[in-house]
Amino acid sequence: MKSNTTREETRAHIRHLLAEEGDTVFENTSYLNDARYELVGELGADYDRLKDRARSIKEEAIEHLPDLIETLTERVEANGGTVYVAEDAADANQYITSVCDDVGAESVVKSKSMTTEELEVNDALEAVGIEAVETDLGEMVIQIADEAPSHLVGPGLHKSRTEIAELFNTHFDPDEPLETAEELTEFARDHLAPKIEAADVGMTGANFLIAETGSLALVTNEGNARKVVESNDTHIAVAGIEKILPTLEELQPFIELIGRSAGQSTTAYTSILTPPVATPTMPFDEGGERSFHLVLVDNGRMAMRDDEQLRETLYCIRCSACLNSCANFQHVGGHAFGGETYTGGIATGWETGVHGLESAAEFNDLCTGCSRCVNQCPVKIDIPWINTVVRDRINRSDTGTFDFLYEGLTPDAESGGLSLRKRLFGNFETLAKLGSATAPVSNWLANRRESRLLAEHVLGVDRRRALPEFQRTTFRDWFRSRERPIIEEPMRRAVLYPDIYTNYVSVERGKAAVRTLESLGVEVELATPRSTGREPLSQGMISTATERARLIHADLADTIDEGTDVVFIEPSDLAMFTDDYEKLLPKEAYQTLAENSYDVLEYVYGLLENGADPAELSADDESLMYHSHCQQRTLGVNTHTVAVLEELGYDVMTSNVECCGMAGSFGYKSEYYDLSMDVGDELRGQLVEAGDRRLVASGTSCTDQIDDLVGENPIHPIEVIDPERRKGETTT
Amino acid sequence: MPTTNDHAIDELDHARDVQAIQRFREAAANAHVETTYVPVERATEAIADAIEGDAVGSTLPFETVTLPEKVRTDPTDDDLRTAQTGVTAAAFAIASYGTVAIPMTEHKEGPVSLFPPTQVAVVLARDVHPDMATAFEVLARLFDDGTKDVIFVTGPSSTGDMGSLVRGVHGPEAVSVIIVDTTGEGI
C-alpha cells in the first residue's frame, strides 16, 4: 500500500500549504499575472514580433553554444577577466571557494541568483568558513528563515508583510518592533550596507551574457547588485552556459520582454557591465585592483542541449510568467511543486536537467496540461509538453505492481512502470465503452459506497467527485438510428468528432451539434468514436497517445482530402489536433489535421460569416454566464463562441480565471481534490456573482467542476443555440 | 543655404524629436521620475533646482552644460555617504520607457547615481531616442567606441519583497531628469 501512503502525505502537504502560504501566494501571483496581461497588451502586435525574435535568437544561440562559449571566453579574457567552465555544482563551488581563498575572503555579498541556489554556493562557502550574505531583500528573508525560494523572481513571495515583520523582530530583536514595509526595507538596507562594504567578494548572477563584448546584463530593482559589484574588488559572476547571446543588439527583445513577462514594464535597473568594471572600488582610499571571474555552469545543460525534448528548456529566461499564469501555482505556491531549486511551470525541465528525474517527479502531477502558460512564455516554450515528456519518463522509470491484473482494461502501449490509476484514467475510452454497454447497472455499481471507498483506496479517485454517468444509447447509436434530413447543395461537409464524453456520457450536446450544423446547411457525418489520445497524454502515456493519433489520422486523412472539415465539441480534443499532434505525428499528417479542424462554435461563426442563415437557430435575449475552457482560450477560439451567442441576441457575461481547477482527471485525484476545489473557488465566486444567469461551459471537466462548485450543471454553448431548443421541446 | 526640401526634412525631424520628448516625459512620470525640459542656457540653473541638500556629481561630458558650483565632483566615500543628491550625465534616454542610460567610468558615475537618495540625470534633447530598438543601435555604437558599462535607470530603486511596494532600497528613492535643448528651437 506504498502508493496510498504517498498519496496521503501529498494530500496533507498540499492542505498545509493551502492553509499556510496559499493566500499570500495567490495575492502576489495573481497581481503579477494581471499586470503581465496588461503590460504585454500595451505592446500590441509588437509583443508577438518580440517573442518570435527572442525565440529565434535563443534557438540559434543554443545551436551554436560551444562557439559562443569560446567567443565569450576570449572576450572576457581580453577584457582582463577569467572564465571558468564548471562541469557540475561541486566543480563550480570548488572554483568559487578557491577564488575566495586566494583573496583571503571572510565574507561574500551576493545579489539574487537562482543559479547559485542550484549550486548551493552558500553552503559550500559556509563549509570553508566564509560568510555568504544575501543582499536581495527577498533572498535575505529566505536566508534568515532558512527556507528554499518558492518562486523564480520573488523567492520569498509566499511570505506576507506580517510574517516578515515577525521574522525580523524575532531574529534581530530591534529596539522598536518593525511593522510596515518601509520600516522593514529601511532596516534591511541599514543592516546590509556595512556588510556590503566590508565584504571581500561581490557575487552576482547574470540574466544574459554577451559573447561579442564579454558583457553581462543584470536586471534588477533594488540596486543591490550594483552596490555588490561597485563596492568589491573581486567580482564573481555565476551563470548557466545557456545565458549567452551572440551580440549586444540581440539583448534588446529580451530586455523588453523580461520585465513585462514578470509583471513590471521594466525594472529600475538594467546593468550592462563589461567587467572588471571601470568604476573605482569603494572605499576609494583602500581600492585595489579589480578582478573578475565568470563561472559558466554546465551542470547538466550540455546534456539537455543534446536531449531533443529538454533542449527547449535552455531557452528559458526565468521570467516566471509560467508560474504566475498557472492556476495551481497561484493557489498553492512553489513549495508544493517540489524540486530541489526550481519550482513550477518550466522548473520540470530545469530540475530534470540539472538535478535528475527524481527531483522533478515529486509534484509533476501539478501540471494539468491546461496550457495557459504556453502563450505567456516570452520564448514560446511548450511547457506542458515538457511536463508530459518528463511524466512519461517517470512512468517508465517506476516499477509497477498491480498492472498485470488489469491488462484487459488498459490496452495501452506503455511499459510496465505505470501506476494503476494512470492506466485507468489514460484508458478512459475502454472504461466508457464498458460502462455504456452495461448502463445503468455500471453507474449503479460504480456509485455504491463500497465501490467508491475501494476506488479511493486503491486508485485514489476522490469519493466526493461525481462519476460520469454512462448512457446506454450512445451518441453514435442516435446518429445512426435517426432519419437523416436531406440537405440539397450543402454549404460545407463536416465530420463531427464524437469525443468519448459526448459519445458515452453527454450525448445531448452531440445531438445539438448535429441539428445546428444541419440547420445551417452542413452535411454532417460522424467520425469513428475513438480517443484522440488526450486522456493517455495527460497521464504522460506518450506512446499510447501517439498510437491513438495515428489511428485518428488514418480514419480522417482521406475524408479531409475530399474537402471535409473536422468539427469538435470538446475543446481539449480540438487542442490535440491543432497543438499536441505536432509532437506526435509526422509534420504533414499533423498539418492536414490541424488546418482543417474547428471548434464547433468557431465553425458556426465561420458559416454565419459566409452567409449561412441562422433563422432556425435558437435566438433569445436570455442572460448567460459563459466559462470557456482553458485550452480553448490558449487557441483563441473562445471569442467565436461569445460572438455567435451575442449575434443571436444573448446577453453574455464571461468568467475570468486561468482554469476551473478540474483539468481532466486532476480534480478526481484524492490528493489533489482540496487544491482543485481551492482553484475552483475563484470561479465559484464569479458564478455566484453572475446571479441567475444560465451557466454555459464548453469543456466537459469544467462542466463537472461547475456542478460540484455551485450545484448546477452548465450546458454547452451548442445546446444554447440548438434549433430544437427554439421549438420549445426538451432535448431529452 | 538649405533648400526648401532640406528645411522640410529638418522640420519633420524636429517634430519627431518633440514627440519623443513628450513620450519620454509621460513614460518617466509613470515610472515616478520627474522631468524638466530647459534650453541650454538655463540648464545649470535647472540642475541646481533639482538638487536636494548636499550634492555630489560626475563632471558632465557636454561642451555646453556644466554642473552648478555647489556640486562636489570626484567625491570621497564620506561625500557619497552623506550627500543628498548625485548628479551625472545620461548618454541617452529611451522615450517609450522613461529610461536614462548612465555610462559608468572612472569618474564615479556608478556610486554617484546610486548612493545618494536623490538622483539627477542630465540628458541632451537630441539624445532622447524613441524606442528600445533605436537605443540598442546607439548602445552598440557606444560600445564599439569604447564604452564598457552602462546602467539603464527607470525610476527609483524599489522592492516588493517586504510585503508591499517600497521606493528607495539600496539606491535612490527619487529620480529627476533634466532634458537640455541645445538646438534653440524649443518645443
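Here the structure is a predicted model, which is why all the values come from computation and not from measurement.

We now examine the overall build of chain B. On a plain count of helices and strands, chain B comes out with 5 helices and 12 strands. Here chain B has a C-alpha radius of gyration of 17 Å; the compact-globule value for 187 residues is 16 Å, and the two agree. Dimensions of chain B along its principal axes, counting C-alpha atoms only, are 55 × 40 × 35 Å. Here chain B, with 187 residues, has 54% of them falling under the buried criterion. Here the contacts in chain B between residues at least 6 apart in sequence split such that 70% fall between residues at least 24 apart. Looking at chain B as shown, the accessible area adds up to about 8,400 Å², and 46% of this sits on carbon and sulfur atoms. The centroid of the 12 positive side-chain charges in chain B is displaced by 4 Å from the centroid of its 30 negative side-chain charges.

Let's shift gears to the domain arrangement of chain A. Residues and elements named next belong to chain A. For chain A, the assigned domains are domain 1 (2-302) and domain 2 (475-726). Counting residues at the interface gives 9 residues for domain 1 and 8 residues for domain 2. A combined buried area of about 800 Å² lies between domain 1 and domain 2, and 58% of that area is made up of carbon and sulfur atoms. The largest contributions to the domain 1 side of the interface with domain 2 come from Arg-11, Ile-14 and Leu-18, which together make up 49% of the buried area. For the pair domain 1 and domain 2, the interface holds 1 salt bridge. Note that Arg-15 and Asp-674 form a salt bridge whose closest N and O atoms lie 2.7 Å from each other. Inspection of the region where domain 1 meets domain 2 yields 3 residue pairs in polar contact (both at pLDDT 80 or more). Elements that contribute at least two residues to the side of domain 1 that touches domain 2 include exactly α1 (2-20) and α2 (22-42). The element contributing the most residues to the side of domain 1 that touches domain 2 is α1, with 6 residues. Its residues assigned to classes, the side of domain 1 that touches domain 2 shows 4 nonpolar, 2 polar and 3 charged.

Conventions and cut-offs
- Residues numbered from 1 in each chain as written.
- Chains lettered and ligands numbered in written order.
- Predicted model: local features only at pLDDT ≥ 70, side-chain atom pairs only at ≥ 80, totals over all residues.
- Heavy atoms only, no water.
- Helix = DSSP H or I, 4+ residues; strand = E, 2+ residues; numbered from the N terminus.
- Rg over C-alpha atoms; globule rule 2.2 N^0.38 Å.
- Buried < 20%, exposed > 50% of the residue type's maximum accessible area, 1.4 Å probe, protein only.
- Contact = heavy atoms within 4.5 Å.
- Areas by Shrake-Rupley, 256 points an atom, 1.4 Å probe, with all protein chains shown as cover.
- Lys, Arg positive; Asp, Glu negative; His and termini not counted.
- Charge placed at Lys NZ, Arg CZ, Asp CG, Glu CD.
- Domains from an automatic or database assignment.
- Buried area = accessible area lost by both parts, 1.4 Å probe.
- Salt bridge = Lys/Arg side-chain N within 4 Å of Asp/Glu carboxyl O.
- Polar contact = N/O pair within 3.5 Å; in protein donor to acceptor, adjacent residues only side chain to side chain.
- Nonpolar A, V, L, I, M, F, W, Y, C, P; charged D, E, K, R; others polar.

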